[in-house]
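Listed below are the residues making up each chain.
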Amino acid sequence: RMIEARLDQAVSQCILAAGALFQPSHQKQLMRAAKFGNSFLQGFASDAFYQQCQTLKILNAVRHYKIGMPLTSDQLAALSKPVLIDRLISRRLFPLAIAICDYLKIPPVDGKSRVLGHWACYKVETSTADEDETARQVSSRLGLNAEISYSDVASKAAQVGKKRLAVKLLEHEVRADKQVPLLLKLGQGAKALGKAIDSGDTDLIYHVILNLQEEHSTADFHMIMRGVKLGASLYTKYCSQHNTAGLQSWLQQEDDWQALAAHSLKESYSSGRIETRLSHLVTTQEYYRKSKNDFNLSVVDETTKLLNHQTKLEEKFGRVYLNLSLHDTVTQLLEEGEYKLADKLRSEFKISDRKYLWLKVRAFGKSKQWSELANLAKSKKSLI
């Protein structure tokens, strides 16, 4: 009752005085007095009381003789709690740093997960145990936590010459964009390609493929690609668009005669010179012969014969025949009155009588050769 008018001031002074003391027993006496006085003030200074309790708990923890950081309350306020955690990390006091992060409820990315990341880097750098055992200890402590970068820990292991440990740690990395480049750096090309494919990121897959092609001999590169089916398919697609010479070499190594034939056939149609086109078609026939694809072989053989005929017709008549179909070529000859040449093509390419008769009817009608059309109508052997 004697200090009722200044009770709020008394409570505040007890709280401040507790922060200035180093002895926990004295701190408790003052904080209990403040709590008692605060009960008469209907919530006055409750926030300050809570903050001071929190600060004193942290200060008492770091002031312990095993820690040896005799900070005052004012020094902690000037330093800030995040900087205090950084100091603890620098002194390798990881358990205390984690405990303070949990007590202050700091978000994991800035608190516990960050401290564990530093602990893992220190662990792989200083551990003298077997690398497999070290990897097991680190992974069991960190778990599958997306907020902790295993690639950073693996990078630290690689820096100190523990390559096998780095590779094992990268198995737990959940972000392919961090995992794959480091695997490439560690010389784990095949594993990097597999992880890139598992990620489903096409750009990342192509990055790995081109890196492997640059870093390895052609034979070694092909051996790596041969072991990954999807990677081989994507490499084939890339070469078909950007590196035709590389595609041919790759397909020949794989004895993929069907794909080589398709590639050669595509090259023939993209060529502007008839000699080059015919050369590619001959190569295509050879590939189909090796693949024992008789149907496609016969089709390409007939295409080659037709191109040879069309080349001769252009030279003879000075008109366009190239790139016409067989039926269009025969029809054009009939329209121009070259019946013997049309009969020769019909015989060589085995056009049926019925089909040839329809071609004649259409050609004669279109070119207004009414007399020839009348002769067809009078024929007793007409099939139509």
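**Quick look at the nonpolar core**
No. 1: In this structure, L169, L193 and I209 are the most contacted members of the largest nonpolar core, which totals 62 residues.
No. 2: The element best represented in this core is helix α6 (residues 94–104), accounting for seven residues.
No. 3: Apart from the residues lying within four places of it in its own chain, the contact partners of I209 are L193, F221, M225, G231, L234 and Y235.

**Things to note about the packing of helix α11 (residues 176–185) against helix α13 (residues 202–215)**
No. 1: Contact geometry for α11 and α13: axes closest at 11 Å, N-to-C directions at 5 degrees. When the axis of α11 is compared with that of α13, the two are roughly parallel. Residues A176, D177, V180 and L184 of α11 form the contact with α13, whose own contacting residues are L204, H207, V208, N211 and L212.
No. 2: The residue makeup of the contact of α11 with α13, split by class, is six nonpolar, two polar and one charged.

**A look at the packing of aromatic side chains**
No. 1: For the structure shown, the criterion picks out one aromatic pair.
No. 2: For the pair F94 and Y122, a centre-to-centre distance of 5.9 Å together with 45 degrees between the ring planes defines the contact as tilted. You can see F94 sitting in helix α6 and its partner Y122 sitting in helix α7 (residues 112–126), a full 28 residues away along the chain.
No. 3: When its relative accessible area of 5% is taken as the criterion, F94 is described as buried.
No. 4: The positively charged end of R63 is found above the aromatic ring belonging to F22, 3.9 Å away from the centroid.

Cut-offs used in this document
Residues numbered from 1 in each chain as written. Predicted model: local features only at pLDDT ≥ 70, side-chain atom pairs only at ≥ 80, totals over all residues. Heavy atoms only, no water. Core = buried A, V, L, I, M, F, W, Y, C linked by side-chain atoms within 4.5 Å. Buried < 20%, exposed > 50% of the residue type's maximum accessible area, 1.4 Å probe, protein only. Helix = DSSP H or I, 4+ residues; strand = E, 2+ residues; numbered from the N terminus. Contact = heavy atoms within 4.5 Å. Axes fitted to C-alpha atoms, helices over the stretch in contact; angles between N-to-C directions. Parallel < 35°, antiparallel > 145°, perpendicular 65-115°, else oblique. Nonpolar A, V, L, I, M, F, W, Y, C, P; charged D, E, K, R; others polar. Phe/Tyr/Trp six-rings, centres within 6.5 Å; stacked < 30°, edge-to-face > 60°. Lys NZ or Arg CZ within 6 Å of the ring centre and 35° of its normal.

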